[in-house]
Amino acid sequence: DVKGKVVDHKTEEKHVKTIAKSDLKAAKETLIPTIKLRAGEDSKDKHVTAVRKPSVHKVLSLDMTIVPRDANAMGQFGQAALVASNEDLEVRKRWNEGHFNVFLSDKIPVDRAVPDTRPEMCPQHLVHDNLPSTSVIFCFVDEVWSTLLRSVHSVLNRSPPHLLTEIILVDDFSTKDYLKEKLDTYMFQFPKVRIIRLKERQGLIRARLAGAAVAKGEVLTFLDSHIECNVGWLEPLLERVYLDRKKVPCPVIEVISDKDMSYLLVDNFQRGVFKWPLVFGWSALPDEYIRKNNMTVSDPIRCPVMAGGLFSIDKKYFYELGAYDPGLDVWGGENMEISFKIWMCGGEIEIIPCSRVGHIFRGQNPYKFPKDRQKTVERNLARVAEVWLDEYKDLFYGHGYHHLRDKKSINIGNLTEQIELRKKLKCKSFQWYLDNVYPDMKPPLVQAEGLVFNRGLRKCLTLQKGSLQHFNYTWMRHLRQEDLCVAPHGNGSGWLWFMSNRMCLEAGPQDDTLHLNPCETRNAFQKWQFTKYHTQ
Ligand code: LR7
Ligand code: MN
């Protein structure tokens with residue numbers, strides 16, 4: 001008998017059903033007419049069956065999608081591979097080729113099995129049998145041979161063939177010889193693999209756009225080029241897109257050790273978040289949230305932002321959203337861009353715990369940046385901030401990026417199209433995003449506080465009524481006391497003048513009055529000092 005969780009795709013209600021194998025066909029037609037079940041490997045019936053039996057031991061259960069050619073090979077089943085101490089030098093020599101243990105990677109089978117790390121109930125979940133099929137897109141620049149192959153084989157071996165339209169390898173102008181004819185020849189064995197060569201270095205963002213442009217699948221699935229897809233990784237992602245084309249599902253990203261190449265489990269209930277100034281990180285869902293929503297370890301997790309490298313998206317929807325800002329260079333920031341865009345323009349980002357992919361986390365990028373790395377990333381982030389953050393962009397600039405406000409110091413390029421796109425799609429505000437998608441973010445509003453001392457007049461700012469002298473200066477450049485904002489007379493839009501870069505608050509000099517004047521760097525009467533600063 002097969003026990004399965006049946007999801008009604010209209011109400012998303014779940015029912016657990018036990019069905020005798022012989023009754024499965026009938027089940028499709030009578031019991032659950034709106035549900036179509038996935039064709040599984042052990043099925044004689046092509047249309048209806050339940051998926052594999054649940055694993056008994058989460059970590060020890062073996063990968064049943066392939067029978068390993070060599071069960072005793074190094075790193076087999078995702079185990080740590082050890083290097084003899086006399087090979088240490090060799091390990092160190094080759095480390096920089098990929099900023100991980102390349103020497104070891106080359107000794108591990110390109111189609112090794114990995115432990116099935118899915119939560120216990122995952123193998124019982126049912127998915128529709130008419131899921132959309134996907135193009136898997138790997139972009140790479142100078143990727144290590146063995147990890148690139150292992151990435152491709154993990155997709156070929158662990159994706160139901162009818163759901164995999166093709167694998168597109170986008171070579172972002174690699175310099176290594178082995179990635180040329182040798183790669184062409186190797187991949188020629190696999191008709192589903194296509195290789196696209198970019199004529200100059202584009203960076204991962206435009207490389208992904210190049211891959212997407214030629215993709216034939218209904219869904220695009222982006223992956224980094226040093227990953228291993230785990231058992232059953234694809235179906236749960238496609239199921240979400242099938243249920244709602246505006247869902248953007250991401251697998252749980254597990255860890256392949258950069259040192260011993262072992263496949264490591266990660267904690268449950270992790271979601272992607274950001275901190276200022278737009279730094280990606282993981283954070284556990286609050287216990288209270290888990291309890292309130294009655295969540296189990298296999299339920300999708302809504303994510304304020306995605307890590308960036310691994311996700312599926314309906315191809316048409318990707319283009320409706322304007323894809324990526326093509327003005328983003330090389331690496332960084334595109335995960336923030338697509339995340340804000342998805343949420344603010346009507347979509348959703350989820351982590352799907354039943355879908356798991358291992359990724360080699362490296363200490364450094366193993367390729368060169370055509371321009372300075374730091375400058376590239378901050379320029380990308382400034383583009384994202386200008387288009388998506390509304391008044392909150394001051395929070396971004398305030399956290400160590402003051403220099404980017406000065407448009408003369410850095411050319412972030414033209415943003416007209418991006419701003420137009422946001423209008424055209426009628427996307428919601430960043431405030432809406434914070435309130436609805438990331439309410440526990442609590443933006444650090446106060447940048448400085450206390451007495452506000454004027455250098456020229458050598459006096460403190462005082463609120464006439466009540467003679468209060470304690471003020472807060474927010475990241476949005478409001479000077480406030482509780483709910484009151486300091487604002488000029490006769491200006492309906494109140495505090496908005498603080499948003500202007502060119503006007504400064506000036507004290508005196510004759511009497512104790514305040515004026516709004518053009519900023520002058522050396523005017524002491526425009527210099528205000530707070531008691532306490534929260535700047536990083
Ligand atoms: O110029 C480039 N051209 C490329 O084709 C630079 C990179 N690339 C390729 C590269 O070979 C790799 O396959 O693009 C892919 C991603 O580059 P990585 O592996 O150097 O990136 P990362 O893993 O350090 O960084 C994460 O953040 C990036 C921000 O731009 C991207 O979104 C990556 O895809 C993303 N990786 C993940 O989300 C995996 C999990 C990491 C986490 C958290
Ligand atoms: Mn990566």
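Residues numbered from 1 in each chain as written. Chains lettered and ligands numbered in written order. Predicted model: local features only at pLDDT ≥ 70, side-chain atom pairs only at ≥ 80, totals over all residues. Heavy atoms only, no water.

As recorded by an unreviewed UniProt entry, the chain carries the name Polypeptide N-acetylgalactosaminyltransferase and is attributed to Cyclopterus lumpus. Recorded under Cofactor (unreviewed entry), the UniProt text for the chain is reproduced unchanged: "Mn(2+)". (UniProt positions renumbered as here; feature names shortened; annotations may be inferred.)

A. Examining the overall build of the chain more closely. Looking only at helices and strands, the chain features 15 helices and 22 strands. Residues classed as buried in the chain amount to 52% of the 536 residues present. Here the analysis covers contacts within the chain between residues at least 6 apart in sequence; of these, 72% occur between residues at least 24 apart. Put simply, the chain shows about 26,000 Å² of open surface, and 53% of that area lies on carbon and sulfur atoms. (Helix = DSSP H or I, 4+ residues; strand = E, 2+ residues; numbered from the N terminus. Buried < 20%, exposed > 50% of the residue type's maximum accessible area, 1.4 Å probe, protein only. Contact = heavy atoms within 4.5 Å. Areas by Shrake-Rupley, 256 points an atom, 1.4 Å probe, with all protein chains shown as cover.)

B. Molecular detail of the site of ligand 1. For ligand 1, the set of nearby residues contains 27 residues, the closest of which are Asp172, Ser225, Gly332, Glu334 and Tyr367. Residue His226 places a side-chain N or O atom 3.0 Å away from an oxygen atom belonging to ligand 1. Elements that contribute at least two residues to the shell around ligand 1 include exactly strand E3 (134-140), helix H6 (203-214) and strand E11 (279-284). The class makeup of the residues in the shell around ligand 1 is 13 nonpolar, eight polar and six charged. (Near = heavy atom within 4 Å. Polar contact = N/O pair within 3.5 Å; in protein donor to acceptor, adjacent residues only side chain to side chain. Nonpolar A, V, L, I, M, F, W, Y, C, P; charged D, E, K, R; others polar.)

C. Representation of the environment of Gly456. When you line up the elements, Gly456 lands in the loop between strand E15 (446-454) and strand E16 (459-460). Of the residues examined, Gly456 reaches a relative accessible area of 26% and is grouped as partly exposed. In this structure the C-alpha to C-alpha distance between Gly456 and Leu243, which are 213 residues apart in sequence, comes to 64 Å.

D. Fine view of the sheet that holds E3. Taken together, five strands build an open sheet; the order of strands is E5-E4-E3-E6-E13 and the sheet is mixed. In this open sheet, the two strands that pair with only one neighbour each are strand E5 (193-197) and strand E13 (311-314). Each neighbouring strand pair of the sheet contributes to a mean axis angle of 25°, computed without reference to strand direction. Pairing analysis gives five bridges linking E3 to strand E6 (residues 219-223), with the strands arranged parallel. (Pairing = 2+ DSSP bridges. Axes fitted to C-alpha atoms, helices over the stretch in contact; angles between N-to-C directions.)

E. Just the pairing of strand E21 (residues 514-518), in detail. As paired strands, strand E20 (residues 503-507) and E21 are joined by five bridges and run antiparallel to one another. Bridging across to E21, Ala507 finds its partner in Leu514. What sits between E20 and E21 in their antiparallel hairpin is a turn of six residues, with Gly508 showing a positive phi close to 60°.

F. Just the UniProt feature "domain: Glycosyltransferase 2-like" (unreviewed entry) in the chain, in detail. Under the present numbering, the feature "domain: Glycosyltransferase 2-like" (unreviewed entry) in UniProt falls on residues 135-318. Note that residues 135-318 is 29% helix and 31% strand, and that its end C-alpha atoms are spaced 13 Å apart.

G. The arrangement of the state of the cysteines in detail. Across all of its chains, the model carries three disulfides by this definition. Residue pairing for Cys345: its cysteine sulfur links by disulfide to Cys427, the two sulfurs lying 2.1 Å apart. A torsion of 100° about the S-S bond marks the disulfide between Cys345 and Cys427 as right-handed. In this pair, Cys345 is assigned in the loop between helix H10 (334-344) and strand E14 (348-360) and Cys427 in the loop between helix H14 (416-424) and helix H15 (430-436), connecting sequence segments 82 residues apart. Here Cys345 and Cys427 have matching classes, each one buried. (Disulfide = S-S within 2.5 Å.)

H. The nonpolar core, seen in detail. In terms of nonpolar packing, the biggest core is built from 72 residues, with Phe274, Phe340 and Tyr433 touching the most fellow members. Here this core gets seven residues from one element, more than from any other, and that element is helix H11 (residues 373-388). In this view, Phe274 contacts Val279, Phe280, Val305, Met336, Phe340, Phe430, Tyr433, Tyr438 and Met441; residues no more than four positions away in its chain are not counted. By size, the runner-up hydrophobic cluster in this structure holds 34 residues, among which are Val110, Val127, Val155 and Leu163. (Core = buried A, V, L, I, M, F, W, Y, C linked by side-chain atoms within 4.5 Å.)

I. Just the packing of H10 against H11, in detail. Where H10 meets H11, the closest approach of the two axes is 9 Å, and the angle between their N-to-C directions is 15°. Considered as vectors, H10 and H11 are oriented roughly parallel to each other. Judged by the twist between their axes, the crossing of H10 over H11 is left-handed. The segment H10 lies against H11, with Met336, Glu337, Phe340, Lys341 and Met344 engaging Leu381, Val384 and Trp388. (Parallel < 35°, antiparallel > 145°, perpendicular 65-115°, else oblique. Left-handed = near helix turned anticlockwise from the far one by under 90°.)

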